[in-house]
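Structural features, examined
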Amino acid sequence: MIPTAFEYEAPSTVEDAVRLLAEGGDDVKVLAGGQSLIPVLKLRLAGPELIVDLGRIDGLRGIREDGDALVIGAMTPHHEVATSGLVREHAALLAEAAGTVADPQVRHRGTFGGALVHADPAGDMPAPALALGASFEIAGPSGVRTVAAEDFFVDLFTTAVGEDEILTAVRVPKRTGWTAAYEKFVRVAQQWSIVAVAATVRVEGGTIAEARLGLTNMGSTPVRPTSVEQALIGVAPVDQEVEAAVASVADGTTPPDDLNGSADYRRHLARVLTRRAVVRAAGA
Ligand SMILES: Cc1cc2nc3c(=O)[nH]c(=O)nc-3n(C[C@H](O)[C@H](O)[C@H](O)COP(=O)(O)OP(=O)(O)OC[C@H]3O[C@@H](n4cnc5c(N)ncnc54)[C@H](O)[C@@H]3O)c2cc1C
C-alpha cells in the first residue's frame, strides 16, 4: 500500500529536529532507519503530516568510549553494533544480539536507537540493553535528560521517549572481560524472537563470579531476572548446575500466548534458553 501524503524534513542538528517535533504537534513522526516505521506507514497504521528524518544529523551516529562507558549514537546501524571492536571488547552482549537481528539488509538500514524506541517485545535489542544497565540520553524542548534502562521500557511499543523528544545516544557501562551469548529461538531463519535470552557473565576461578540476564518476549517489556543472576554466583558453568540455578527464571513473567507458542511453552523455552545462554557465555 502507499502511505498517506506527508511533509518531509531532514534537519542537520538535534536542536532543529526537536524544534520541528514541537511545531508538528501530534501529527509528526521521527524517521530513523525506517525498517519498522515505513511498513507502519504503508499499512496506514499511522498517517503523520510531517516526517522528521534523523539521517542527516552526523552526531547521532557512531560508537565511542567515554571513561567507563561506551556511548552508542541512536542512529548507529545494527551492523555497526554487531561488528564494532569496541562493542565486542566492552559490551559483547550487544554485539551478539545485534548480529541476530533480521538479515543483512535490515541490519544495515535499521538503527540501534530506532529498535530501542520502537520497543517491540520481540525485538532483540531491549533485553541486552536492560541486562547491561544502559542509560538513555533523550533530547527534548527542555534540554537533555537521562533515563535508566529499568525506567525506559514502559509498555508494549512504549518507552520513556515523549512525542516531542528524540533518543540521541545510549550509554553502556563497560563490562570488559565479560563474555556473552544471546540465545534466540525462531521457527525459521531471520525471524523475530519467539523467546530469546541475553546472558553476560564474568567467570573467575572456574565459577561464575557475576551474571546479568535479559529476557526477550516474555512480557510487554524486557525482563531482567535479578534473583536468578544472584543464584548463578559461585555456580560452575556446566549444564546440570546452571539448570538448577535458573529454574525460576520464568516465574512472574507474562509471555504472549499466540500461534507461535503458548505462554507455558514460552516459559519452558525461557528456562532452556537461559541455561544454554549462560553455559555458552561462560565458555566463550
Ligand atoms: C523484515 C524485517 C525483519 C526484522 N527482524 C527483526 C528482528 O529479528 N529483531 C529485531 O530486533 N528487529 C527486527 N526488525 C526491526 C529492525 O530492528 C528495525 O530496525 C527496528 O525495529 C527499528 O529501527 P529503525 O532504525 O528502522 O527505526 P524506524 O523504523 O525509523 O522507527 C521506529 C520507531 O521508532 C521511532 N524512532 C526511531 N528512532 C528514534 C529516535 N532516535 N528518537 C525517537 N524516536 C525514534 C520512530 O518514530 C518509529 O516510531 C525487522 C525489520 C524488518 C523490516
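This report concerns the structure included in the present document.

Here the focus is the sheet that holds strand 3 (residues 50-53). Spatial strand order, 1-3-2: three strands in an open sheet with parallel pairing. Two strands bound the open sheet, and with one partner strand each, they are strand 1 (7-9) and strand 2 (28-31). Ignoring strand direction, the axes of neighbouring strands in this sheet form an average angle of 25 degrees. In terms of strand pairing, strand 1 meets strand 3 through three bridges, oriented parallel. Among the inter-strand pairings, E9 is bridged to a residue of strand 3, identified as V52.

Within the structure, the ligand sits among 29 residues, and V30, G34, L37, T111 and D124 are positioned closest to it. Residue Q35 places a main-chain N or O atom 2.7 Å away from an oxygen atom belonging to the ligand. Side-chain polar atom of H78 to an oxygen atom of the ligand: 3.0 Å apart, as the coordinates give it. Contact with the protein chains hides 89% of the accessible area of the ligand, taken as 960 Å² for the molecule alone. Every element with two or more residues in the shell around the ligand is listed here: strand 2, helix 7 (112-118) and strand 10 (166-173). No other element matches helix 7, which puts four residues into the shell around the ligand.

Moving on, we come to the sheet that holds strand 13 (residues 207-216). Reading across the sheet, the three strands line up as 11-12-13 and stay open at both edges, with antiparallel pairing between neighbours. In this open sheet, the two edge strands, each paired with only one partner strand, are strand 11 (179-185) and strand 13. Neighbour to neighbour, the strand axes of the sheet diverge by 15 degrees on average, direction disregarded. One ladder, built from nine bridges, connects strand 12 (residues 195-204) with strand 13; its direction is antiparallel. Looking at strand 13, one finds that A199 is bridged to L213.

According to the stated counting rule, one finds four aromatic pairs in the structure shown. A centroid spacing of 5.9 Å and a plane angle of 85 degrees characterise the contact between F136 and F153, whose relative ring orientation is edge-to-face. Taken together, the residues F136 in strand 6 (residues 135-140) and F153 in strand 8 (residues 153-155) connect sequence positions 17 residues apart. Pair check on accessibility: F136 and F153 agree, each one buried. Ring geometry for F185 against Y265: centres 6.4 Å apart, planes inclined by 80 degrees, an arrangement best described as edge-to-face.

Residues that lie three or four places apart on an α-helix share one face, since the helix turns once every 3.6 residues. Taken residue by residue, helix 1 (residues 14-24) has V14, A17, V18, L20 and L21 as its buried positions. The buried residues of helix 1 occupy one face: seen down the axis, they fall within an arc of 160 degrees. For helix 1, exposure combined with an orientation more than 90 degrees from the buried face picks out E15 and E23. Close packing links the buried residues of helix 1 with strand 1, strand 2, strand 3, strand 6 and strand 10. The first or second residue beyond helix 1 is G25, which carries a positive phi of 65 degrees.

Checked against the element boundaries, K42 lands in helix 2 (residues 37-42). With 39 residues separating them along the chain, K42 and P3 place their C-alpha atoms 4.5 Å apart. In this view, K42 contacts M1, I2 and P3; residues no more than four positions away in its chain are not counted.

Reading guide: rules and limits
- Residues numbered from 1 in each chain as written.
- Predicted model: local features only at pLDDT ≥ 70, side-chain atom pairs only at ≥ 80, totals over all residues.
- Heavy atoms only, no water.
- Pairing = 2+ DSSP bridges.
- Helix = DSSP H or I, 4+ residues; strand = E, 2+ residues; numbered from the N terminus.
- Axes fitted to C-alpha atoms, helices over the stretch in contact; angles between N-to-C directions.
- Near = heavy atom within 4 Å.
- Polar contact = N/O pair within 3.5 Å; in protein donor to acceptor, adjacent residues only side chain to side chain.
- Areas by Shrake-Rupley, 256 points an atom, 1.4 Å probe, with all protein chains shown as cover.
- Phe/Tyr/Trp six-rings, centres within 6.5 Å; stacked < 30°, edge-to-face > 60°.
- Buried < 20%, exposed > 50% of the residue type's maximum accessible area, 1.4 Å probe, protein only.
- Arc of directions from axis to C-beta.
- Contact = heavy atoms within 4.5 Å.

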